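# Summary of structural features
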Amino acid sequence: VCSSDLPKPSVAAFTVNGITSDYLTLTYTRRAGADDALVTPEVSSDLSTWTSGDPAGTVTVSRHLNGDGTETLTVRESQPIAARRFVRLKVLVP
């Protein structure tokens, strides 16, 4: 695996409902249209309890088709950063 293929966490400013705040984000690349694995971004405040999906977890903010059979997605946490937070990708292969 090349380091450019690894998920990239960061903090970015987004304006939601007229208020600009910092949000935890995660950018990752996967095979476009892949149905052989379920990839789910998750967030946590304690590394024990993880949440996903809107409204409690993450919101997809961009999806870019790369032209090589992959797509790059960026998700942000649904709530602005208020304390220490963690993000991960959960991958399930049926």
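Summarised in this report is the structure supplied together with it. (Residues numbered from 1 in each chain as written. Predicted model: local features only at pLDDT ≥ 70, side-chain atom pairs only at ≥ 80, totals over all residues. Heavy atoms only, no water.)

## A look at the pattern of salt bridges
For the record, the criterion: We count a salt bridge whenever a side-chain nitrogen from Lys or Arg sits within 4 Å of a carboxyl oxygen from Asp or Glu. Strands are runs of DSSP state E lasting at least 2 residues, helices are runs of H or I lasting at least 4, and numbering of each runs from the N terminus. Only protein chains enter the accessibility calculation, which uses a 1.4 Å probe. A residue is then buried if its area is under 20% of the maximum for its type, exposed if over 50%, and partly exposed in between.
A full pass over the atoms with the stated rule returns five salt bridges. In this structure, glutamate 42 engages arginine 88 in a salt bridge whose closest nitrogen and oxygen atoms are separated by 2.7 Å. Remark: arginine 88 occurs in strand S6 (residues 86-92) and glutamate 42 occurs in strand S3 (residues 38-44); sequence separation between them is 46 residues. Arginine 88 gets classed as partly exposed once you look at its relative accessible area, which sits at 33%.

## Observations concerning the packing of aromatic side chains
Convention followed: Pairing of aromatic side chains here covers Phe, Tyr and the six-membered ring of Trp, requires ring centres within 6.5 Å, and sorts the geometry by plane angle: under 30 degrees stacked, over 60 edge-to-face, intermediate tilted. Counting as a charge over the ring demands two things of the Lys NZ or Arg CZ atom: a distance within 6 Å of the ring centre and an angle within 35 degrees of the ring normal.
Inspection of the entire model under this criterion finds one aromatic pair. Consider the rings of phenylalanine 14 and tyrosine 23, whose centres lie 6.0 Å apart with planes at 80°: the pair is edge-to-face. You can call phenylalanine 14 partly exposed: its relative accessible area is 22%. Judged by relative accessible area, which is 4%, tyrosine 23 ranks as buried. Sitting above the plane of the phenylalanine 14 ring, arginine 76 keeps its charged end 5.9 Å from the centroid. The positively charged end of arginine 76 is found above the aromatic ring belonging to tyrosine 23, 4.5 Å away from the centroid.

## Some thoughts on the sheet that holds strand S5 (residues 70-77)
What holds strands together in a sheet is hydrogen bonding between their backbones, with the strands either parallel or antiparallel. Under the convention used in this document: One bridge is not enough; two strands pair if DSSP finds at least two bridges between them. The axes are straight lines fitted to the C-alpha atoms, using for helices just the contacting stretch, and the angles between their N-to-C directions are given from 0 to 180°.
The sheet built from four strands is open, its strands ordered S1-S2-S5-S4 with antiparallel pairing. Every interior strand has two partners, whereas the edge strands, strand S1 (8-16) and strand S4 (58-65), have only one. On average, each strand axis in the sheet is tilted by 30° relative to the strand beside it, whichever way the strands run. Here S4 pairs with S5 via seven bridges, running antiparallel. Looking across to S5, one finds that threonine 60 is bridged to valine 75.

## Describing the side chain of threonine 74
What counts here: Here a polar contact means two N or O atoms within 3.5 Å. Within protein one must be a hydrogen donor candidate and the other an acceptor candidate, and residues neighboring in sequence count only if both atoms are side-chain atoms. Only heavy atoms matter for contacts: two residues are in contact if any of them lie within 4.5 Å across the pair.
Tracing the sequence through the fold places threonine 74 in strand S5. Of note is the side chain of threonine 74, whose polar atom sits 2.9 Å from the side chain of threonine 27. Those residues in contact with threonine 74 that sit more than four places away from it in its chain are Thr25, Leu26, Thr27, Val59, Thr60, Val61 and Ser62.

## Digging into the nonpolar core
Our working definition: Working definition of a nonpolar core: buried Ala, Val, Leu, Ile, Met, Phe, Trp, Tyr and Cys residues. They are joined through side-chain atoms within 4.5 Å.
Core analysis: the biggest nonpolar cluster contains five residues, these being Leu26, Tyr28, Val39, Leu73 and Val75. Elements with a minimum of two residues in this core: strand S2 (19-31) and S5. Beyond its immediate stretch of four places on either side in the chain, leucine 26 contacts Pro7, Lys8, Pro9, Leu73, Thr74, Val75, Val87, Arg88 and Leu89.

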